[in-house]
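Here is how the chains run, residue by residue.
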Amino acid sequence: MIYDLTHEINPELPVYPGDPHVQIAQAASLNPDGYADRLLTMGTHNGTHMDAPAHMLAGGKELKEYSADRFVAEAVCVDVRDGFEAAQVSEAITMLGETAVNKAVVFCTGASDHFTEQRYWDDDRVLDDATTQVLIESGIRLVGIDKGSFDNDEPFPVHKALLGADILLVENLTNLAPLAGKTFRLYALPLKLEADGAPARVLAEKP
């Protein structure tokens, strides 16, 4: 079974406060042009997207520097609707086998249930230092979450810690509840942009 963990891109897409909004304009029409085409304007971190280290770190790698195999991983979804606990995350990672290298963790906070509301952006649940360190030490290479950001405020310590460990980040996931506590194959496929981040189509495959 395939689960789509991606928000639809449209002009009403909520964006992180201060980010550019999505604009979709008609560039050509079947009548009179004979074909349909649209002009899309959006930020690289709008909607469901992936962050590369260059997003937060001077000299950090851009997405173009990663091979495609970094975007497909065996993953586990951790239910953190009651808060983050390092021990719970550590135990979940063991479900991925003896080594977590090149594997992924996604966090179900439940925030995506309120994606169109202000409280989505006001959600103050963030990874604590212990949980962040568990992810870094485990060798996990990709971490995702169903809320607007891994951090609430500058200087964005969670972003910088994880990106500094060469862990790719995916934000604004959705539809994680059915996967909570389960393992699956994750496909987090960003647009092939020469940039610090890009919108991504994210799918979960659960046999």
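The numbers attached to residues start from 1 for each chain and follow its sequence in the written order. Restriction of local features to residues with pLDDT of at least 70 applies here, the model being predicted, together with a cutoff of 80 or more for giving and counting side-chain atom pairs; totals for whole chains, interfaces and linings are based on all residues. The side-chain numbers reported here are obtained from all heavy atoms of the structure, hydrogens and water having been left aside.

Trainee: So what's going on with the overall build of the chain? Which residues, and what values?
Mentor: Counting from the N terminus, the helices are DSSP H or I runs at least four residues long and the strands are E runs at least two residues long. Within the chain, the regular secondary structure consists of five helices and ten strands. Only C-alpha atoms enter the radius of gyration; for comparison, a globular chain is expected to reach 2.2 Å times N to the power 0.38, where N is the number of residues. In terms of overall dimensions, the chain is globule-like: its C-alpha atoms have a radius of gyration of 17 Å, near the 17 Å expected for 207 residues. Considered along the principal axes of its C-alpha atoms, the chain spans approximately 60 × 40 × 35 Å. Within the chain, the proportion of its 207 residues that are buried is 47%. Looking at the chain alone, contacts between residues at least 24 apart form 72% of all its contacts between residues at least 6 apart. Just so you know, the count uses Lys and Arg for positive and Asp and Glu for negative, and it drops His and the chain ends. Where a charge sits is defined by one atom per residue type, namely NZ (Lys), CZ (Arg), CG (Asp) or CD (Glu). The distance from the centre of the 16 positive side-chain charges to the centre of the 33 negative ones in the chain is 6 Å. Summary of the burial criterion: residues with accessible area below 20% of their type's maximum are buried, those above 50% are exposed, and those between are partly exposed, where the area comes from a 1.4 Å probe applied to protein chains only. Residue contacts follow a heavy-atom distance rule, with two residues in contact if any of their heavy atoms lie within 4.5 Å.

Trainee: Describe helix α4 (residues 129–138), with residues and values.
Mentor: Looking only at α4, the buried set comprises Thr131, Thr132, Val134 and Leu135. Angularly, the buried residues of α4 cover 155° about the axis, an arc narrow enough to put them on a single face. Pointing more than 90 degrees away from the buried face of α4 are the exposed residues Asp129 and Glu137. Of the surrounding elements, those touching the buried residues of α4 are α2 (86–94), β6 (104–108), β7 (142–145) and α5 (157–164). Among the residues trailing α4, Gly139 stands out with phi positive, at a value near 90°. It is the directions from the helix axis to the C-beta atoms that the arc portrays.

Trainee: Can you lay out the environment of Ala92 for me, pointing to particular residues and giving the numbers?
Mentor: Its place among the elements puts Ala92 in helix α2. Sequence separation between Ala92 and Cys77 is 15 residues, and the spatial gap between their C-alpha atoms is 7.9 Å.

Trainee: Requested: an account of the side chain of Asn10, with residues and values cited.
Mentor: Topologically, Asn10 is positioned in the loop between β1 (2–4) and β2 (23–28). Residue Asn10 is classed as buried on the basis of its relative accessible area, which comes to 19%. Asn10 has contacts with Val22 and Ile24, leaving out every residue within four places of it along the chain.

Trainee: Outline the packing of α2 against α4, listing residues and values.
Mentor: The geometry of a pair of packed helices is captured by two quantities: the angle between their axes and the separation between those axes. Throughout, an axis means a line fitted to C-alpha atoms (over the contacting stretch in the case of helices), and angles, computed between N-to-C directions, take values from 0 to 180 degrees. At a minimum axis distance of 8 Å, the contact between α2 and α4 shows a crossing angle of 25°. Our classification of the angle between α2 and α4 gives roughly parallel. Here α2 runs over α4; the crossing is right-handed. Residues Ala86, Val89, Ser90 and Ile93 of α2 touch α4, and the partners they reach there are Ala130, Thr131, Val134, Leu135 and Ser138. Partitioned by chemical class, the residues of the contact of α2 with α4 number six nonpolar, three polar and no charged. Any angle from 65 to 115 degrees is called roughly perpendicular, while one under 35 is roughly parallel, one over 145 is roughly antiparallel, and all others are oblique. Crossing handedness: left-handed means the near helix sits turned counterclockwise from the far one by under a right angle, and right-handed means the same turn made clockwise. Any residue outside Ala, Val, Leu, Ile, Met, Phe, Trp, Tyr, Cys, Pro, Asp, Glu, Lys and Arg is labelled polar, Gly included; the first ten of those are nonpolar and the last four are charged.

Trainee: A description of the pattern of salt bridges should follow, citing residues and the corresponding values.
Mentor: Whenever a carboxyl oxygen of Asp or Glu lies within 4 Å of a side-chain nitrogen of Lys or Arg, that contact is scored as a salt bridge. Under the definition given, this model contains nine salt bridges. As a salt-bridge pair, Arg201 and Asp4 come within 2.7 Å of each other at their nearest N and O atoms. Here Arg201, found in strand β10 (residues 197–205), pairs with Asp4, found in strand β1; they are 197 residues apart in sequence, far enough to count as distant. Accessibility expressed as a relative area gives 48% for Arg201, which makes it partly exposed. Here Asp166 ties to Arg70 by a salt bridge, and the two come within 3.5 Å at their closest N and O atoms. Residue Asp166 is located in the loop between α5 and β8 (168–171), and its partner Arg70 is located in the loop between β4 (49–51) and β5 (72–79); the two are separated by 96 residues in the primary sequence. Like Asp166, the residue Arg70 is buried in the burial classification.

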